[in-house]
Amino acid sequence: MTNPDPCAAEAPAPDILVDAATLDTVLVTMAAELAAVLARREMSNPLMIGIHTGGVWVAERLHALLGLTQPLGHLDISFYRDDFTRIGIHPQVRPSSLPVSIDNRHLIVVDDVLQSGRTIRAALNVLFDYGRPATVLLATLAERAGRELPIAPDVVGVRPPFARAHQIKLLGPQPLQLVRKAGS
């Protein structure tokens, strides 16, 4: 056992915005809202696709709550991002998996946090490389100010208000928690 270095700088612990129990309730509400949107728009048998990583965690929960029969899709947007200068040129790449053709399909794209809209723009670019969907719905666990592109979610779990100097991050997969941390 080693003694902790009292001189070492510790990163501040993130503030929990939404705890696991509350997130479970939020996800149930989101699933009900998605079901209502699907029924209102007469969209049957949609394909749900989560954006790596947090979007996949949220999509897994929504997929189960909605009882969807198609396998869940996973989407990696690493090579479609337009902000390599901010995040670095060595992205953490994960495989995309679209279990069925997306041509003429109703899609539900799920992400954890919507802020600028750039992640969703990249996801749409990836999807259109795979085919042409009939419709694309967007569900995000959290939405915050800072939109740079005209992209809006169809279903949102929470809209936490706070300064632009802070970021929202989803921790998970077990348990899921939304945290606030100081921006970089």
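Residues numbered from 1 in each chain as written. Predicted model: local features only at pLDDT ≥ 70, side-chain atom pairs only at ≥ 80, totals over all residues. Heavy atoms only, no water.

(A) Here's a closer look at the overall build of the chain. Of the regular secondary structure elements, the chain holds four helices and eight strands. Helices (α) and strands (β) of the chain occur, in sequence order from the N terminus, as β-α-β-α-β-α-β-α-β-β-β-β. Every one of the 184 residues in the chain was classed for burial, and the buried ones make up 40%. The long-range fraction of contacts in the chain, counting pairs at least 24 apart against all pairs at least 6 apart in sequence, stands at 68%. Just so you have it, the chain exposes about 10,200 Å², and 53% of that area is on carbon and sulfur atoms. (Helix = DSSP H or I, 4+ residues; strand = E, 2+ residues; numbered from the N terminus. Buried < 20%, exposed > 50% of the residue type's maximum accessible area, 1.4 Å probe, protein only. Contact = heavy atoms within 4.5 Å. Areas by Shrake-Rupley, 256 points an atom, 1.4 Å probe, with all protein chains shown as cover.)

(B) Inspection of the nonpolar core at higher detail. In terms of nonpolar packing, the biggest core is built from 30 residues, with Met48, Leu62, Leu141 and Leu178 touching the most fellow members. Of all elements in the fold, only helix H1 (20-40), helix H2 (54-66), strand E4 (106-114), strand E5 (135-143), strand E6 (155-158) and strand E7 (166-171) reach the threshold of two or more residues within this core. No other element matches the eight residues that H1 contributes to this core. Discounting chain neighbours no more than four positions away, the residues touching Leu178 are Asp15, Ile16, Leu17, Val18, Leu23, Val113, Leu141, Ala142, Val158, Ile168, Lys169 and Leu170. Leu75, Val109, Ile120 and Leu138 belong to the second largest nonpolar core, which has 17 residues in total. (Core = buried A, V, L, I, M, F, W, Y, C linked by side-chain atoms within 4.5 Å.)

(C) Representation of the pattern of salt bridges. Using the criterion set out here, one finds five salt bridges in the structure. A salt bridge links Arg118 to Glu148; the shortest N-O distance between them is 2.5 Å. Linking Arg118 in helix H4 (residues 118-130) with Glu148 in the loop between E5 and E6, this pair joins segments that are 30 residues apart in sequence. In this structure, the salt-bridge partner of Glu143 is Arg147, at a minimum N-O distance of 2.3 Å. Overall, Glu143 belongs to the buried group, its relative accessible area being 12%. (Salt bridge = Lys/Arg side-chain N within 4 Å of Asp/Glu carboxyl O.)

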